[in-house]
Amino acid sequence: MSRTENVPERPAAHTALALRAALGIALLSLVLFVVTQAPEVQPGDSAELALVAHELGITHPPGYPLHTFTGKGFAWMFGDPARGTRMLSAVSTAGAVALLCLIAIRLTGSVSAGARAAGVLAVVPAIWSSAVITEIYSVNLFFVALSLLLFLRWAERPVLSRGLAAGAVLGLSLGSGLANLLMLPGFLVLFFGVRPIRWRQGLLTAAMFVASGALIESWNYFRAASYLPLGTQYVPNTLGGLLRYLSGAQFGTTMVQPPGFYLGRLIEHGLHVLASLSWIGIIPAAIGVAVLWGRSRGLVISLGLMFAGNFLYFTGHPWVDYQEMINPSYFLICLFLACGLAWMQQRKRRFWEAAGTAIPIIVTAWLLVVGLFDHPPQSTARPVTSFVTASLERFPPDAVAVCDWYKFAPMVYFQRVHGMRPDVTLVEAIRQPRRYAWGMVDDAWTFAEESAATRPVFVDSIPPVTTPGDAANVSAPAGWFALPMSTP
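Residues numbered from 1 in each chain as written. Predicted model: local features only at pLDDT ≥ 70, side-chain atom pairs only at ≥ 80, totals over all residues. Heavy atoms only, no water.

Participant: Sorry if this is basic, but what is going on with the overall build of the protein here?
Facilitator: Tallying secondary structure elements over the protein gives 19 helices and six strands in all. Its C-alpha atoms put the protein at 85 × 50 × 50 Å along the principal axes. Put simply, the protein has 488 residues, and 53% of those count as buried. A sequence separation of at least 24 residues applies to 73% of the contacts in the protein between residues at least 6 apart. Carbon together with sulfur atoms contributes 67% to the accessible area of the protein, which is approximately 20400 Å² in total. If you average the places of the 32 positive and of the 26 negative side-chain charges in the protein, the two averages end up 18 Å apart. (Helix = DSSP H or I, 4+ residues; strand = E, 2+ residues; numbered from the N terminus. Buried < 20%, exposed > 50% of the residue type's maximum accessible area, 1.4 Å probe, protein only. Contact = heavy atoms within 4.5 Å. Areas by Shrake-Rupley, 256 points an atom, 1.4 Å probe, with all protein chains shown as cover. Lys, Arg positive; Asp, Glu negative; His and termini not counted. Charge placed at Lys NZ, Arg CZ, Asp CG, Glu CD.)

The following block contains the structure:
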């Protein structure tokens, strides 16, 4: 198998022009993300990720140490963990947009096709949404994209330094998304699709991948000796705890669902992806697959395996935010989109030339308008901050507050980052065991009712086995219920 059967020859596009195009589209994207950025700490995972970056701790399973380390640097630069980690998301996504532009130009030789496909990627709803809040998906997308660029460079010129760099970055990406392991078959096809197979380089690159991945993931184990992650049932301070933690067992990710569940999800998620490209965007992407197949079957197989590993896993994911987890899949679709646009622009017929120009403009414009409704420019409203500060200020001394994850995480954030009301005991409202620095809670509702015998207890929803208190006991802040207190 020759090299040209796997990776197209490097295009003759001027390197400086390609870099300017990538930088330009990245800067435009960054401005868009910053202008529409969330104005405060967000609920749930966002607050937790910002807090963990501030404390250099451990997140919920399966752990995201790469986000923690990079988030710490951005928090230091911007002076606030929430602001810094939001900027990390914006910069990472803009960087991924630039990388898509560079990879597309490398594969097609068309600067305009690469820039237009990168513009589409920037406004895809899932990409834009993760770029304006604190989330791990943007950091993960950047490192997956960088890994792909490095592997393509190695395929063009297989020297050891390029292989080691590619293996190291791919290994580090596991620290922002352990599910990247499912994309490994695609990277292996890309790496070993170059003939003759260079086994020495392959083994050294694999060793670098394993070493960098193990190094970044070892943080979860060693840090757990002195830091308990929030919202965690299995603490990764033992081998068994680490394996359960990395598998995400507490979220039911290892449970097998009925076949109908997966079929329904596949249809639902597929339609969601098509809508995310305004439907017509999938036409040049499909053309791009066919065009690239005719030039390099090995590359299409490689990218297809990456797509399948990412998209199918999260399509069958039992958790609620599965539609936000496939950013690498959107990246690959937009890469095929660039190949299709380049082919359309190279046709001599006016129809194809016009379609190649109009489709990305229509898709980008439509997604931009829709996105501006979903992510309007920053306002002065701070609903999360207002709720948390008002609640913490009104709780009586030594109170217990039991709330769902989306309120629990920002309340802990304000406690630890801003030092607000450390006397209030915060508990996640869930009927599963949860470990806290002060002890173990097997069931939040049982704990709340037992605590009400001696302490004021507040919940954000009425427990199924009790009734809320009244003014005779203690008044509750807005959005909370007070449990009846036992009389001495």
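Participant: Please explain the pairing of strand 1 (residues 400-403) as it appears in this structure.
Facilitator: Consecutive side chains of a regular strand alternate in pointing toward one face of the sheet and then the other. Residue alternation in strand 1 divides its side chains into two sets, Val 400 and Val 402 and Ala 401 and Cys 403, and both sets are buried. The β-α-β motif built from strand 1, the intervening helix 18 (residues 405-418) and the parallel element strand 2 (residues 425-428) has right-handed crossover chirality. Sheet topology note: the strand 1/strand 5 (residues 457-459) ladder contains three bridges and is parallel. When the sheet's bridge partners are listed, Val 402 is paired in strand 5 with Val 459. (Right-handed = clockwise from strand over helix to strand, strands pointing away. Pairing = 2+ DSSP bridges.)

Participant: Could you clarify how one ought to interpret unusual backbone geometry in this entry?
Facilitator: Peptide bonds are trans in most cases, and residues, glycine excluded, mostly fall at negative phi. Cis geometry marks the peptide bond from Pro 61 to Pro 62; its omega dihedral reads 0°. For Ser 278, which is not glycine, the phi dihedral falls at a positive 55°. Take Ser 278: it is sitting in the loop between helix 12 (259-276) and helix 13 (282-295). Residue classification places Ser 278 among the buried residues on the basis of a relative accessible area of 15%. A positive phi angle, near 60°, is found at Asp 398, a position not held by glycine. Of note, Asp 398 is situated in the loop between helix 17 (383-394) and strand 1.

Participant: Help me understand the nonpolar core in this model?
Facilitator: As a rule of thumb, soluble globular proteins bury nonpolar side chains together. Core analysis: the largest hydrophobic core is formed by 94 residues, its most contacted members being Leu 148 and Leu 303. When neighbours within four sequence positions are excluded, Leu 303 is seen to be in contact with Leu 148, Leu 292, Leu 332, Leu 335 and Phe 336. Of all hydrophobic cores here, the second largest spans 40 residues; its members include Phe 408, Tyr 413, Tyr 436 and Ala 482. (Core = buried A, V, L, I, M, F, W, Y, C linked by side-chain atoms within 4.5 Å.)

Participant: Can you walk me through the packing of aromatic side chains in this structure?
Facilitator: Tallied over the full model, the rule gives 21 aromatic pairs. Seen from their ring centres, Phe 395 and Phe 458 are 5.0 Å apart, and the 40° between their planes marks the pair as tilted. In this pair, Phe 395 sits in the loop between helix 17 and strand 1 while Phe 458 sits in strand 5, placing the two residues 63 residues apart along the sequence. Judged by relative accessible area, which is 3%, Phe 395 ranks as buried. Relative accessible area serves as the criterion here: at 0%, Phe 458 is assigned to the buried category. (Phe/Tyr/Trp six-rings, centres within 6.5 Å; stacked < 30°, edge-to-face > 60°.)

Participant: Could you clarify how one ought to interpret the packing of helix 4 (residues 81-108) against helix 15 (residues 327-346) in this entry?
Facilitator: Packed helices, taken two at a time, are described by their axes: the angle between them and the distance between them. Contact geometry for helix 4 and helix 15: axes closest at 10 Å, N-to-C directions at 40°. Between helix 4 and helix 15, the angle is such that the two are oblique. Crossing angle aside, the handedness with which helix 4 passes helix 15 is right-handed. On the side of helix 4, the interface is formed by Ala 96, Leu 99, Leu 100, Ile 103, Ala 104, Leu 107 and Thr 108, while helix 15 contributes Phe 331, Cys 334, Leu 335, Ala 338, Cys 339, Ala 342 and Gln 346. (Axes fitted to C-alpha atoms, helices over the stretch in contact; angles between N-to-C directions. Parallel < 35°, antiparallel > 145°, perpendicular 65-115°, else oblique. Left-handed = near helix turned anticlockwise from the far one by under 90°.)

Participant: I would appreciate a short explanation of the sheet that holds strand 6 (residues 481-482) in the present structure.
Facilitator: Within a sheet, each strand pairs with its neighbour through backbone hydrogen bonds, oriented either parallel or antiparallel. The strand order across the open sheet formed by four strands is 2-1-5-6, and the pairing between neighbours is mixed. A strand with exactly one partner marks an edge of an open sheet, and here the two such strands are strand 2 and strand 6. Where strand 1 meets strand 2, four bridges bridge the pair, whose relative direction is parallel. For Val 400, the partnering residue across the bridge sits in strand 2 and is Thr 425.

Participant: Would you mind going over helix 4 with me for this structure?
Facilitator: Working note: α-helix, 3.6 residues per turn, so residues spaced by three or four point in the same direction. With 28 residues, helix 4 extends 40 Å from end C-alpha to end C-alpha; this agrees with the ideal 40 Å at 1.5 Å per step. The buried fraction of helix 4 is high, at 25 of 28 residues. If you check the start of helix 4, you find a side-chain oxygen 3.2 Å away from the backbone N of Ala 82, and it comes from Asp 80. After helix 4 finishes, the residue Gly 109 shows a positive phi value of roughly 80°. (Expected span 1.5 Å × (residues − 1). Polar contact = N/O pair within 3.5 Å; in protein donor to acceptor, adjacent residues only side chain to side chain.)

Participant: Looking at this model, I keep getting lost on the environment of Ser 386. Mind explaining?
Facilitator: Within the secondary structure, Ser 386 is located in helix 17. Taking C-alpha positions, Ser 386 is 41 Å from Leu 182, a pair spaced 204 residues apart along the chain.

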